[in-house]
Every structure is written in structure tokens, then in C-alpha cells.
Amino acid sequence: MKKIIHLVDSMERGGQEKFILDLAISQKKKGFDVIIICLFKLGVFTQLAVKNKIQVYAVSEEYIDYFERIKRLKNIIDNERPNVLHTHNRSPLIFSVLAKPFHSYKLINTRHGNGVRGLYWSLSALFADKIINVSSDLFTESNLINRFLIKSKNRVIKNGIEINDKISNGTNIGQLIIVGRLNPIKNHLLALNIVAECLKQCIPIKLLIVGDGPSRSEIEKHINELKITDNVQLLGDRADVNELLLESDIFLLTSFSEGHSIALLEASASGLPALVTNVGGNAEIIQNKITGWVFDLAEESEFVLKIKELIRNRDLRHKTSLNAKEWALNNVSIDACADRYIKEYFS
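Report on the accompanying structure. (Residues numbered from 1 in each chain as written. Predicted model: local features only at pLDDT ≥ 70, side-chain atom pairs only at ≥ 80, totals over all residues. Heavy atoms only, no water.)

**Things to note about the sheet that holds strand 11 (residues 250-253)**
One key point about sheets: their strands pair by backbone hydrogen bonds, in either a parallel or an antiparallel sense. Rule in force here: Pairing between two strands is assigned when DSSP locates at least 2 bridges connecting them. The way it works is that DSSP assigns letters per residue, a run of H or I at least four long becomes a helix, a run of E at least two long becomes a strand, and they are numbered from the N terminus. Here an axis means a line fitted to C-alpha atoms, over the contact stretch when the element is a helix, while the angle between two N-to-C directions is reported on a 0 to 180 degree scale. Residue contacts are defined here by distance: any two heavy atoms, one from each residue, within 4.5 Å place the two residues in contact.
Reading across from one edge, 10-9-8-11-12-13 is the order of the six strands in this open sheet, with parallel pairing throughout. At either margin of the open sheet sits one strand with a lone partner, and together these are strand 10 (232-236) and strand 13 (292-295). Direction aside, the axes of adjacent strands within the sheet are offset by 20° on average. In the sheet, strand 12 (residues 274-277) pairs with strand 13 via four bridges, with the strands oriented parallel. Following the sheet pairing, Leu275 is matched in strand 13 by Trp293. Across the sheet, helix 8 (residues 188-200) touches strand 8 (175-179), strand 9 (206-210), strand 10, strand 11 and strand 12, and the angle it forms with strand 9 is around 165°.

**Things to note about the pairing of strand 5 (residues 106-111)**
It is a general feature of regular strands that their side chains alternate between the two faces of the sheet. To keep things clear, this is the line we draw: Only protein chains enter the area calculation, which uses a 1.4 Å probe; residues under 20% of their type maximum are buried, those over 50% are exposed, and those in between are partly exposed. Classification remark: right-handed applies to a crossover when, strands pointing away from the viewer, the course from the first strand over the helix to the second runs clockwise.
Across the six residues of strand 5, five count as buried, placing the element largely inside the fold. Summarising the sheet, strand 4 (residues 84-88) and strand 5 pair through five bridges and their orientation is parallel. From the neighbouring strand, Leu85 faces strand 5, where its bridge partner is Leu107. Since strand 4 and strand 5 lie parallel, the crossover through helix 4 (residues 90-99) that links them has a hand, and here it is right-handed. As defined by bridge partners, strand 5 adjoins strand 6 (residues 130-133) across four bridges and the pair is classed as parallel. What sits directly across from Asn109, in strand 6, is Ile131.

**Some thoughts on the environment of Glu266**
Mapped onto the secondary structure, Glu266 falls in helix 11 (residues 262-269). The class for Glu266 is buried, based on a relative accessible area of 14%. Considering only alpha carbons, one finds Glu266 and Ile163, 103 residues apart in sequence, at a separation of 7.9 Å. When near neighbours in sequence (up to four residues on either side) are disregarded, Glu266 contacts Lys18, Ile161, Val241, Asn242 and Leu245.

**As for the sheet that holds strand 7 (residues 154-156)**
A sheet is described by the order of its strands in space; here seven strands give the open sequence 3-2-1-4-5-6-7, paired in parallel fashion. The strands lining the two open edges of the sheet, one partner per strand, are strand 3 (55-58) and strand 7. Within this sheet the neighbouring strands show an average axis-to-axis angle of 25°, counted without direction. Those strands touched by helix 3 (residues 66-80) are strand 1 (3-10), strand 2 (33-41), strand 3 and strand 4, and its axis lies near 175° from that of strand 2. The strands touched by helix 15 (residues 334-345) are strand 1, strand 4, strand 5, strand 6 and strand 7; relative to strand 5, the strand with the most contacts, the crossing angle is about 140°.

**Observations regarding the pairing of strand 3**
Two elements, strand 2 and strand 3, share four bridges in a ladder whose sense is parallel. Paired with Ile37 across the bridge in strand 3 is Tyr57. In this region the chain leaves strand 2, passes through helix 2 (residues 46-51) and returns to the parallel neighbour strand 3; the handedness of that crossover is right-handed.

**Re the side chain of Asn159**
Inclusion rule: Two N or O atoms count as a polar contact when they lie within 3.5 Å, although within protein this holds only if one can serve as hydrogen donor and the other as acceptor, and sequence-adjacent residues are included solely when both atoms are side-chain atoms.
Residue placement: Asn159 occurs in the loop between strand 7 and strand 8. Here Asn159 falls in the buried class, since its relative accessible area comes to 5%. A polar contact is formed between the side chain of Asn159 and the backbone oxygen of His260, at a distance of 2.8 Å. Residues contacting Asn159, with those up to four places away along its chain left out, are Phe19, Val134, His260, Ile262, Leu265, Val332 and Cys337.

**Overview of a negative patch on the surface**
Applied cut-off: Each patch is built from salt-bridge-free residues with over 30% relative accessible area, joining like charges within 9 Å and nonpolar side chains (Val, Leu, Ile, Met, Phe, Trp, Tyr) within 5 Å. Reported accessibility uses the Shrake-Rupley method at a 1.4 Å probe radius. Residues are deemed covered only where the shown protein chains occlude them. For this analysis, a salt bridge means a side-chain nitrogen from Lys or Arg found within 4 Å of a carboxyl oxygen belonging to Asp or Glu. In this charge count, Lys and Arg are treated as positive and Asp and Glu as negative; neither His nor the chain ends contribute. Charge positions are represented by NZ for Lys, CZ for Arg, CG for Asp and CD for Glu.
On the surface, Glu12, Glu61, Glu62 and Asp237 cluster together into a patch of negative charge. Here Glu12 shows up in the loop between strand 1 and helix 1 (15-29).

Put into C-alpha cells, the structure is as follows:
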């Protein structure tokens, strides 16, 4: 049985981590021996991995120096003897190369976002067999070393998700939802400004913010400054995201930067019309004016106008919902995504 190791920072709750979990489960079902190694923390998704008979290691959850972490990682890899070491994002690739610069397994790196760059990553990428970008835009915007020196190593494999048959019926009219870690790059302040402007125009809405992170206090402050506390709920990390999506009316994504957003894929699979910024892979997911709408970051007023239209024109909302669900069913299966990765591993 061929063995695949996924090397990650942690399995804490997040879109990237959820994708890695689903990918590992799908590969396990396809007959591979799959292991996850966390460089730093195990995280909440560890239990789900173990439940699906996927072994999970933590190199160390305690503070240790880099040399000790590299040594421990090397020992785990030597003991497991994988056919494929699939690293995700920057640190796992760098640590894997430092641990075993010369190896017999296939070394794969997936770039889940545009922050995966820099000198150390670029030097480490020279040792990788293949670099997987989760969107075409991500490769186009990568650094010169990636686009020219190691261009031949690059592939694009878009993320996949588990899809069910349920679809949002839009009964909670005017309930917007945004899902993602609370950090500056997600640009929650723009979402709050949009809500405030909608309320000024007497558009009856409320916003659910799902996720947690370092920007929470700044977001709370901005909510108070805009005097919209009655119309915004900070829900924190939730295990019932799919249910919250199905109960909502419109999905909002106002990020400064994205890779291939798992939250946006899940929203489309739930049949939610999505209003998103034109960054990263968003425009590759949203078929503009068909499954949602794509706006430039400066087009705050356009977000407001479209929210008003969707609330008032339920036929448009329903049509967009059906289009989003159909697109997801045809394009974002996690099993098809796993097949594409397996093909790259062994070709």
C-alpha cells in the first residue's frame, strides 16, 4: 500500500485545514495509507482525522528550537518511509527540505495563498518535485523564481469540498454571512461598512460573522463605532458552519487577498448567492452575474446596491441560488480533486 504524508502547520479550524482533512479522507478511501504530521499544534480537526483512521503526529506542541524540530521531523519521516510527502504552504516545505534535502519520495508543495513566497520558500521549492497552486491567479502573481526558474514544476489544482443535496431556501431574508479567520487580510471592516450603509438606506439586514482570530477586538470596536451592534453577531469558531450557511440569505467575502476559498466553495455548494471582492481565485469560483457578483475593493456602493436588489427581488435570489448549487455539483467534488492530486503524485 502506497503511503502519503501530509505535512502541515497544524489542524486547527480553518478553510485550508478542512480541505486537507477532506483530501486525506478521500485518499484513504481510495486505498492509500495516509498520515498527517503537524509541525506545531494538533488542532480541532485531529479528532476527525483519527475517527477516519488517519494517524496524526505532532512534531512538538511545546516550544523547542528549530534544530530539534527538524531532527524530530526527520525521525518521523524516516520511520514512516512515505512514497509521497505532501507539504502545505511555506513552513512545512522549508522544514521538510531542511530535514531531508535528499530523499527517495515525491516532494509536493501546495500553495494555498499568496503569502507562500519569499527567499527561503523559493530555495526550498528547488528541491520539490511539483508545486501545486490552488488557483491560476495564484501562479500568475507568484514570484519570479516560481514563474520562470521552476515554471515546469507548477500545476494548478483547484480545491474541492464534500457536497450534500441541501440548498439554502433564503427564508431568513436579509441575513448575510461571512466565514473566515478574523485577521486583517479578510477585511471584515469593509463588510461592516457595507452593513452600516445598508442600514442607513433602511435595507433590513443582519450579518453573521463566523470565525475567530487576532482582529476580533478591532472588529468589535468598529461595530460599536458604526452603532450596528443590534445587526451584527460575532459567532466565533463554529462546528455547524454548513447549517449556518443553509439558514442564511447572502454570502459576503470582502478579503484583500484569497487563494481558492473553501468558505466560498461551501457557500456556493449551499446555494448561497455570493458577493465577493475581485481578488485571488474568487473570480474563478464565482461566475459573475450567474452564481454571484464580483466587485473591486473600492466598489462598496455596488455591494450595497446588489444586497438591496437581492432582498427585494426574490426571483433573482432564487435563480442565483440554483445556479450556484449546480456549479458546485459540477466543479468542486473533493473526490475529483483527490484524483488530480494522486495523478500528480505518481506521474
